[in-house]
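Coordinate inspection notes
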Amino acid sequence: MRLILLGAPGAGKGTLAKELSGALGVVHISTGDIFREEVAAGSELGKKAKGFMDRGELVPDDVVIGMVRQRLARPDCAAGFILDGFPRTVPQAEALDATLQEMNAPIDSVLDIVVPEETVVRRLSGRRICRTCGAIYHVDNKPPKQPGVCDVDGGELYQRDDDKEEAIRRRLKVYAEATAPLTAYYQQKGLLKSIEGVGSPAEVLATALKALGK
Ligand code: AP5
């Protein structure tokens, strides 16, 4: 299965993608996670991306598109993949179409996770992430057993720099302007399925699997 997850910042794309990846047996590709790894490693790509990310702006299309093309060429994508956070602009979606056409591997479905804006802001301001394994928590909705410590591997939990109020507001604006038009793009191609992202992560997973006919 080749799947794209759309949805506002904080809609729950990363949380759902991790669950779906296990359920469907395909790799989870998050452009945000790749950029955060590059920033942590201090690479050239990370240095290019950091300022845009901290301000809540999009990294330029050419940088992201090149990175995703390389990632999709790796053997673990042959069985399928879940794209989380890409595409985010119409030019990115067109570049993805061209790449997948070359690979003879069209997208099967696009899930748009719909969540009210006030829920999204609450989710983002309470989010915590494990520095070592990337597990996602929330101080109220999904707290770790011990505050600040990952249940999975004991790693340190941190708050993303772009989960501060000013950057959250900027990200929501950028989403409305640059990314929301992608729902019409994929609707026209007959690929779009909208699902409610409110409810527990297990309920959202069940809704997603049903929408995918699984
Ligand atoms: P990215 O990392 O992709 O951030 P985002 O799209 O803003 O999405 P988030 O990761 O914030 O939210 P999410 O929907 O994954 O929610 P999550 O599951 O974590 O991108 C970051 C930055 O990188 C961008 O701003 C940009 O600069 C750059 N970038 C990345 N891709 C790019 C691209 N293609 N082009 C250009 N630039 C790019 O959940 C959020 C919280 O809610 C968590 O605490 C979670 O525990 C909780 N939660 C989730 N689901 C539920 C539920 N059902 N019930 C209760 N709580 C829930």
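Below is a short write-up of the structure. (Residues numbered from 1 in each chain as written. Predicted model: local features only at pLDDT ≥ 70, side-chain atom pairs only at ≥ 80, totals over all residues. Heavy atoms only, no water.)

Let us now look at the site of the ligand. Around the ligand, the structure places 36 residues, and the nearest of them are T15, E57, R88, R127 and R171. In the model, a nitrogen atom of the ligand is placed 2.7 Å from a nitrogen or oxygen of the T31 side chain. Side-chain polar atom of R160 to an oxygen atom of the ligand: 3.0 Å apart, as the coordinates give it. Here the ligand loses 96% of its free accessible area of 1000 Å² to cover by the protein chains. By residue number, the principal contributor to the shell around the ligand is helix α2 (residues 31–41), which donates four residues. For the shell around the ligand, the class distribution of residues is 14 nonpolar, 13 polar and nine charged. (Near = heavy atom within 4 Å. Polar contact = N/O pair within 3.5 Å; in protein donor to acceptor, adjacent residues only side chain to side chain. Areas by Shrake-Rupley, 256 points an atom, 1.4 Å probe, with all protein chains shown as cover. Helix = DSSP H or I, 4+ residues; strand = E, 2+ residues; numbered from the N terminus. Nonpolar A, V, L, I, M, F, W, Y, C, P; charged D, E, K, R; others polar.)

The next thing to look at is the pairing of strand β4 (residues 109–114). Counting buried positions over the six residues of β4 gives five, a clear majority of the element. Bridging between strand β1 (residues 2–7) and β4 involves five bridges; their strand directions are parallel. Within the sheet, the bridge partner assigned to G7 lies in β4 and is I113. One ladder, built from five bridges, connects β4 with strand β8 (residues 192–196); its direction is parallel. The residue bridging L111 from the neighbouring strand is K193, located in β8. (Buried < 20%, exposed > 50% of the residue type's maximum accessible area, 1.4 Å probe, protein only. Pairing = 2+ DSSP bridges.)

The strand order β6-β5-β7 describes an open sheet built from three strands, whose pairing is antiparallel. Edge strands, defined here as strands with exactly one partner in the open sheet, are β6 (136–138) and β7 (157–158). Looking at chain direction, strand β5 (residues 127–130) and β7 are connected through two bridges and run antiparallel. Within β7, the residue paired with I129 across the bridge is Y158. Contacting β5 and β6, helix α6 (residues 117–125) crosses the sheet at an angle of about 45° to β5. (Contact = heavy atoms within 4.5 Å. Axes fitted to C-alpha atoms, helices over the stretch in contact; angles between N-to-C directions.)

The subject of this paragraph is the side chain of D163. One can find D163 in the loop between β7 and α7 (165–179). A distance of 2.9 Å separates the side chain of D163 from the side chain of R127, its partner in a polar contact. Setting aside residues no more than four positions away along its own chain, D163 makes contact with L124, S125, R127, I168 and R171.

Moving on: the packing of aromatic side chains. The tally for this structure, following the rule as stated, stands at one aromatic pair. Ring geometry for Y185 and Y186: centres 5.0 Å apart, planes at 80°, overall edge-to-face. One residue, R55, lies across the ring of F52, its end atom 5.4 Å from the ring centre. The aromatic ring of Y137 is capped on one face by K142, whose charged end is 5.3 Å from the ring centroid. (Phe/Tyr/Trp six-rings, centres within 6.5 Å; stacked < 30°, edge-to-face > 60°. Lys NZ or Arg CZ within 6 Å of the ring centre and 35° of its normal.)

As a further point, take unusual backbone geometry. What you tend to see is this: most non-glycine residues have negative phi, and most peptide bonds are trans. Put simply, F86 and P87 share a cis peptide bond, and its omega is -5°. Locating P87 in the fold gives a position in the loop between β3 (81–84) and α5 (90–102). Unlike most non-glycine residues, N104 shows phi in positive territory, near 55°. Following the sequence through the fold, N104 ends up in the loop between α5 and β4.

What follows is about the nonpolar core. Membership of the largest hydrophobic core comes to 30 residues, with the highest contact counts inside it found for F81 and Y186. Looking at this core, the elements that each hand over two or more residues are β1, β2 (27–30), α2, α3 (44–55), α4 (61–72), β3, α5 and α8 (182–188). With six residues, α4 is the single largest residue contributor to this core. In contact with Y186, other than residues within four places in its own chain, are I4, L6, P87, A93, L96, V110, L191 and L192. Among the nonpolar cores identified, the runner-up in size contains 23 residues, and L3, I113, I195 and L212 belong to it. (Core = buried A, V, L, I, M, F, W, Y, C linked by side-chain atoms within 4.5 Å.)

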